[in-house]
Amino acid sequence: MADWLWDHGGEGFAQAYRVDEVFLDAQSPYQRVRVIRTPMFGRMLILDDAVQTSEADEFCYHEMLAHPPLLTHPQPRRVLIIGGGDGGLLEEVLKHPVERVVMVEIDRLVVDATLRHIPEIPGRAFDDPRTELRIEDGFAYVRDCQERFDVALVDSTDPQGPSVPLFGEAFYGDLFRLLGDDGVLAVQSGSPLYQADLVSQVRRHLRTHFPVVRTLLTCVPSYPGVLWTFTLASKRADPLDLPPEAVDRRVAGMGLRYYTGLQHRAALNPPPFLRSVLEG
Ligand code: SAM
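Remember, it's a predicted structure, so these values are computed and weren't measured experimentally.

End to end, helix α6 (residues 196–207) covers 16 Å across 12 residues, agreeing with the expected 16 Å (1.5 Å per residue, within 8%). Taken as a whole, α6 has its buried residues at L198, V199, V202, R203, H205 and L206. Each buried residue of α6 lies within a common arc of 165° when the element is viewed along its axis, so the set occupies one face. Where α6 is buried, its residues meet α5 (169–178), β11 (179–190), β12 (212–219), β13 (227–234) and α9 (272–279).

Structure representation (structure tokens):
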């Protein structure tokens, strides 16, 4: 009888994955870290009992969290990533002509597990001379940091354990302080189907500090319910003002498989049944 992993989305709802192989099952000081192989999504990183990323569809998530904010900023050179231990987001950011990326991940085991068992996700990103990887708490780092950034990306687990403060209004206020005058922030903001309250909370907290707040709707097939959101907050430019042809021009040659100019526009124009969650 095969083993199955159940990722529980909302009340009475889960998505199940047949486990054909277990490469790692270890407990870090922060979470249970597993790497498994599944027939549908290939190798997957699981933290506690939640799917984080998979070799089959990691590009959907990482492209849609990285490129809309990096294109909304007029000329991003210094980027901050909080979380993102699998390195997939870092790899996307480094496709842009940025000068420096500081990545603050609390759990060394997540980095090591992905590099060892799903190296295709980070590729050579951690070896890039522009990368500075810091193994520490992103909340404390942002609170105490004096460096300025153009773009900040919060690629966190859902609010539990060490990632709870990463969804707080104080954290967003500290990020606002770190960002320059054209600063742009994007955060992982959960499912519009069974985490509507979280999406609303993130939007409310971000609106306390940022004049422009836009939630983007995207698809991550390996996530329960597939639909997912990222919320972008900007001090000045509005992602809605970015024409599809300008997006296509700036990502030409990056070999992207999800993000295009029309996807940019679609992500910012949700179907009516989701409008109250994404724009409320
Ligand atoms: N890239 C992934 C995906 O495609 O879904 C997103 C998840 S990534 C693995 C989330 C990371 O956030 C984890 O590695 C976790 O250790 C990290 N994290 C949680 N709380 C943190 C904190 N306070 N500071 C820094 N990293 C944190």
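Okay, back to it.
Attention shifts here to the site of the ligand. In the neighbourhood of the ligand, 26 residues make up the surrounding shell, with Q52, D86, E105, G138 and Y223 lying closest. In the environment of the ligand, a nitrogen atom lies 2.8 Å from a nitrogen or oxygen atom belonging to the backbone of G138. Calculation on the ligand without its partners gives an accessible area of 600 Å², and the protein chains cover 100% of this total. Taken together, the elements giving at least two residues each to the shell around the ligand come down to β5 (42–47), β6 (50–54), α1 (58–72) and β8 (100–105). Taken together, the residues of the shell around the ligand break down into 9 nonpolar, 11 polar and 6 charged.

Strands sit in the order β3-β4-β5-β6 across an open sheet of 4 strands; the sheet is antiparallel. Strand pairing shows two members of the sheet lacking a second neighbour, β3 (21–27) and β6, which therefore form its edges. Ignoring strand direction, the axes of neighbouring strands in this sheet form an average angle of 20°. Pairing of β5 with β6 involves 4 bridges; the strand directions are antiparallel. Pairing of M44 across the sheet is with S54, part of β6.

A word on the environment of P39. Tracing the backbone through its elements, the reader meets P39 in the loop between β4 (32–38) and β5. Once the C-alpha coordinates of P39 and E99 are considered, the two residues, 60 residues apart in sequence, prove to be 39 Å apart. Excluding residues that lie within four positions of it along the chain, P39 makes contacts with R18 and D20.

Here the focus is the nonpolar core. Judged by nonpolar contacts, the single largest core of 48 residues is most densely connected at V79, I81, L90, V93, V101 and L153. Ranked by the residues each element gives to this core, the list is headed by α1, at 8 residues. Each of domain 1 (3–54) and domain 2 (58–279) gives at least three residues to this core. Apart from residues lying up to four places away in sequence, V101 is in contact with V79, I81, L90, V93, L94, R130, T131 and E132.

Definitions and cut-offs
- Residues numbered from 1 in each chain as written.
- Predicted model: local features only at pLDDT ≥ 70, side-chain atom pairs only at ≥ 80, totals over all residues.
- Heavy atoms only, no water.
- Helix = DSSP H or I, 4+ residues; strand = E, 2+ residues; numbered from the N terminus.
- Expected span 1.5 Å × (residues − 1).
- Buried < 20%, exposed > 50% of the residue type's maximum accessible area, 1.4 Å probe, protein only.
- Arc of directions from axis to C-beta.
- Contact = heavy atoms within 4.5 Å.
- Near = heavy atom within 4 Å.
- Polar contact = N/O pair within 3.5 Å; in protein donor to acceptor, adjacent residues only side chain to side chain.
- Areas by Shrake-Rupley, 256 points an atom, 1.4 Å probe, with all protein chains shown as cover.
- Nonpolar A, V, L, I, M, F, W, Y, C, P; charged D, E, K, R; others polar.
- Pairing = 2+ DSSP bridges.
- Axes fitted to C-alpha atoms, helices over the stretch in contact; angles between N-to-C directions.
- Core = buried A, V, L, I, M, F, W, Y, C linked by side-chain atoms within 4.5 Å.
- Domains from an automatic or database assignment.

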